[in-house]
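# Close look at the chain arrangement
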Amino acid sequence: MFRTLMLLTLVALISGVSHAAPDTILYNGKILTVDADFSTRQALAIESDRISATGTDEDVLALADAQTRKIDLQGRTVIPGLIDNHVHIVRGARQWTRDVRLTGVLTRAEAKRLIAERAEKLGDGEWVLVLGGFTPEQFSDDRKPFTREELDEVAPNNPVFMQVLFGMGYANSQAFRAIDIDEDTEIAWLEIANDIDLDANERPTGTVRGAAMNRMLAKVAEPDLAEAKERALGNMRDLHAMGVTSVLDAAGGTGLDLSLYEPYVELEKEGKLKLRLFNLYSPAVMEPGKTGGLDQELSALPFMEDSNWLQRTGVGERLYNPIHDSMLQPAANGPQHKQAFADLAKQVAAKRLHLHQHATHPRSMKQHLDAFEAIDKQYSLKELRWVFAHADGIDPEILPRAKALGMGIASHSRRLISGKSFSHPLAMLAFGNPPLKTIQASGITWGLGTDTMVVNQSNPFYTLWWAVSGRAMNGDQLTDETVTREQALIAHTRSNAWLVFREDELGSLEPGKFADLLVLDRDYLTVPEVEIRRIKPLLTMVGGEIVYGELP
């Protein structure tokens, strides 16, 4: 019923049956519609939460009545709201008031200033966290690991923990005391000794990993529902300020507790959810020979709910844990694991559901394609738009096979914060740059995202700059597998809308689509390349409502 009404509404709008005057008109601008022709317009009209017209100033302003709000863009550039096709905000937002985000921070000095500022704001004894989204390699002044003494200086009265990806982090003395380690503790006798780096005097340097890291994080209290809602709202405000209007939460880790979505369910009921949150279901952990229960799990859950704000679009990003891979470690390929994965994927296809599958190593992708091609003979995958997420190691042999199955690629700027010389104690967490030029040339549908909050920064303009320049935040040239500005913007808007099955309503500025848009402080198409990463929205609209900023 919802889809039928929506289609009727779109037909009415596009055919001109609706004669109501627009609520809002944006005029005297450079509006990049990102439609099929990548056309440019001067003006845009909004009726309720949707675009009702685009065109010249003269034609669109003629639609106004006395109640129409008119916004003079003064020549500024407007683009569709940016869609991130792979985030982890449902987990990441839970500590938002404690989490110092280092997105766009290019100096170590600025990072320390922000940590000190947060410590002062929270008060003595409160945890100050940097829950990923950075590496020291992004800094221009000093790229060494943070030390315990250094963090003591900026926040002497607070436990501080800075997470780097999933395997390690940096802690101060107060954080060590929180897990019962002080100046008199003999580290060598602890069961977690191997997870704590020591200096020449056998004192902690500040670098921890594994069990030591997990013990520290376990000391941070989880929020109750009211706190979780406020933190989710804070996260959304920050994303709106960066230009993000829709995301796909990729869940991550099998068996993600669905209660983590409860704050967003409540915010939608209250009319406060202003970020379009598409999401995936992570199945419970399965074992070889015991994979027959997934279809029951899927039958018990709603998918593609009639909501424009909170909608479960499919399954992912992990379908079966043993085949989770990295650029240096392909998926497990034992017969029992290959069969278990194929069994689970077949159950997803039988339910006619979308699959968003983490895959970075070329051997993994070829192995998965063997299973998908066999499944396609019984259950056509063409309309299900299955996706390889990350796809850092994808090669020309894989692309036509995936395209033939109707698949898409979700590419991510994960290397952006790490530079050329990035290293990590867990080799499985090393990764490379996806070959964007090769992917684009193949004709397969592909989109851009970040893999924020832990693995990468959040700002989509940094991702657009990375895709166009091939550079890391610290300036390192990572690759020549780049794309044009137009191709990158399509990937972060219209193509991502296709990946979440909403290309008829999102991703471009055309009549009938939601009025999700950004008014930029500089022209994306013409600024010097390095300035792409510095672009900021002056105003962000979601569904015709201003959710961030204002125009002078």
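How each quantity is defined
- Residues numbered from 1 in each chain as written.
- Predicted model: local features only at pLDDT ≥ 70, side-chain atom pairs only at ≥ 80, totals over all residues.
- Heavy atoms only, no water.
- Pairing = 2+ DSSP bridges.
- Helix = DSSP H or I, 4+ residues; strand = E, 2+ residues; numbered from the N terminus.
- Axes fitted to C-alpha atoms, helices over the stretch in contact; angles between N-to-C directions.
- Contact = heavy atoms within 4.5 Å.
- Core = buried A, V, L, I, M, F, W, Y, C linked by side-chain atoms within 4.5 Å.
- Buried < 20%, exposed > 50% of the residue type's maximum accessible area, 1.4 Å probe, protein only.
- Phe/Tyr/Trp six-rings, centres within 6.5 Å; stacked < 30°, edge-to-face > 60°.
- Lys NZ or Arg CZ within 6 Å of the ring centre and 35° of its normal.

## As for the sheet that holds strand β4 (residues 43-47)
Strand order in the open sheet formed by 4 strands is β5-β4-β1-β6, with mixed pairing between adjacent strands. Of all the strands in the sheet, just β5 (50-55) and β6 (69-72) have a single pairing partner and so form its edges. With direction set aside, neighbouring strand axes in the sheet form an average angle of 20 degrees. Bridge count between strand β1 (residues 24-27) and β4: 3 bridges; the pairing is antiparallel. From the neighbouring strand, T24 faces β4, where its bridge partner is I46.

## Overview of the side chain of S246
For S246, the location among the structural elements is in strand β14 (residues 244-249). In this structure S246 touches L82, I83, D84, L275, R276, F278, L506 and D516, once residues within four positions along its chain are discounted.

## What about the sheet that holds strand β19 (residues 408-412)?
Strand order in the open sheet made by the 8 strands is β8-β14-β15-β16-β17-β18-β19-β20, with parallel pairing throughout. For this open sheet the edge positions go to β8 (82-87) and β20 (445-449), each flanked by a neighbour on one side alone. Neighbour-to-neighbour, the strand axes of this sheet turn through a mean angle of 25 degrees, independent of strand direction. Sheet analysis places strand β16 (residues 310-317) next to strand β17 (residues 354-359), joined by 4 bridges and oriented parallel. Along β17, the bridge assignment pairs V315 with L355. This element, helix α15 (residues 460-469), spans β8, β14, β19 and β20 of the sheet and lies at about 125 degrees to β20.

## Quick look at the nonpolar core
L319, V348, F372, W386, F388, L448 and Y524 are the most contacted members of the largest nonpolar core, which has 68 residues in total. When residues no more than four places from it in sequence are discounted, the contact partners of W386 are A345, V348, A349, L353, H354, L355, F372, L381, G406, M407 and G408.

## What to know about the packing of aromatic side chains
Applying the stated criterion to the full structure yields 8 aromatic pairs. Between F341 and F372, the aromatic rings sit 6.0 Å apart at their centres with planes inclined by 40 degrees, giving tilted as the arrangement. Taken together, the residues span a long stretch of sequence, with F341 in helix α11 (residues 335-350) and F372 in helix α12 (residues 362-376) at a distance of 31 residues. Across the pair, exposure class does not vary: F341 and F372 are buried alike. Ring pairs connect the aromatic residues F134, F139, F146 and Y170, which therefore count as one cluster. Its guanidinium or amino end placed over the ring of W309, R276 lies 4.4 Å from that ring's centre, counting from NZ or CZ. It is R276 that lies over the ring of F514; its NZ or CZ is 4.1 Å from the centre.

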